[in-house]
Amino acid sequence: MASWAGAFDCSACGRKRLLAQEFSKKMLERRKQAPPPPLSPPPPSPHVLPRRPQDSGAPLRCKTCVAAAAEDERAAAAAARLAADPSLAAQPARLLCAGCQRLLGAAEFSRAQLSKGEAKQRCAACVGAAEAEEREAAAARRAHELGEAARQLRSAEACGSAAERCRAAAALAALEAQAVTGLTPAVLGNGRGRGRGRGRGRGR
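Conventions adopted
Residues numbered from 1 in each chain as written. Predicted model: local features only at pLDDT ≥ 70, side-chain atom pairs only at ≥ 80, totals over all residues. Heavy atoms only, no water. Core = buried A, V, L, I, M, F, W, Y, C linked by side-chain atoms within 4.5 Å. Buried < 20%, exposed > 50% of the residue type's maximum accessible area, 1.4 Å probe, protein only. Contact = heavy atoms within 4.5 Å. pLDDT = per-residue confidence, 0-100. Helix = DSSP H or I, 4+ residues; strand = E, 2+ residues; numbered from the N terminus. Salt bridge = Lys/Arg side-chain N within 4 Å of Asp/Glu carboxyl O. Phe/Tyr/Trp six-rings, centres within 6.5 Å; stacked < 30°, edge-to-face > 60°.

- The name recorded for the chain in an unreviewed UniProt entry is Stc1 domain-containing protein, from Prymnesium parvum.

1. Overview of the nonpolar core
No. 1: Counting 10 residues, the largest nonpolar core is built from F8, C10, L18, A20, F23, M27, L28, L60, C62 and C65.
No. 2: Excluding its chain neighbours within four sequence positions, the residues that come into contact with F23 are F8, D9, C10, L18, L28, L60, R61, C62 and K63.
No. 3: If you look at the next biggest cluster of nonpolar residues, it comprises 7 residues, including L146, L153, A156 and L172.

2. Re the confidence of the model for the chain
No. 1: Looking at the chain, pLDDT values average 78 and 75% of them are 70 or higher.
No. 2: Mean pLDDT per element in the chain: helix 3 (residues 87-90) is the minimum at 67, and helix 5 (residues 124-159) is the maximum at 91.
No. 3: Low pLDDT, under 50, characterises residues 49-54; the stretch is placed with 11 contacts to residues that sit more than four places away or in other chains.

3. With respect to the pattern of salt bridges
No. 1: Taken as a whole and assessed by the stated rule, the structure comprises 2 salt bridges.
No. 2: For E22, the salt bridge identified is with R15, shortest N-O distance 3.7 Å.
No. 3: Among the ionic pairs, R151 bridges to E148, the shortest N-O distance being 2.5 Å. Placement of both R151 and E148 in helix 5 is noted, with a separation of 3 residues, approximately one turn of the helix.
No. 4: By relative accessible area, E148 is classed as partly exposed at 26%.

4. Concerning the packing of aromatic side chains
No. 1: One pass over the full model with this rule turns up 1 aromatic pair.
No. 2: Geometrically, the ring pair formed by F8 and F23 is tilted, given 5.9 Å between the ring centres and 55 degrees between the ring planes. Taken together, the residues span a long stretch of sequence, with F8 in the segment before helix 1 (25-33) and F23 in the segment before helix 1 at a distance of 15 residues. Of the two residues, F8 and F23, both sit in the buried class.

Now the structure itself:
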């Protein structure tokens, strides 16, 4: 999948034609909910209606840029707290971080973390590390699912029935399409039972 090209651009780093898996689900949903762009210029033929692009054109930021922006925001918030109250820098390290178990100063914690209390509060470094671990774990899960689907397809092609090969190929294609487009595959009915018994019992 490394050679595949997507249809998404990051407005922050400027990378083009990225896959949907480079963006968070929340970012893609925001893209869908944004107002659509204006209609395209009128076509040369009066018999052809102008089409509205499917993409709303709302700016997107990839996961890497979002993480970098969050880190910058944490650093800026810490600097702002020190600027507002310089005495924080001179205060002894008395606050315990629930993540790294270190005693740190108040400037190392965000207000949201301090409001959680000593049992749950985490310093800015631990919060950033946890977010990075979550991104890596999600990427590893996607890679494992794709690898397992590819393995099942190879097994079905080697010794499976036609139906098993079809199911395995469809499962792999659905995962690959989701990685590229960000759309979750919809499971439709199998259509069994249609027309069964049609006309039976009539006239009784």
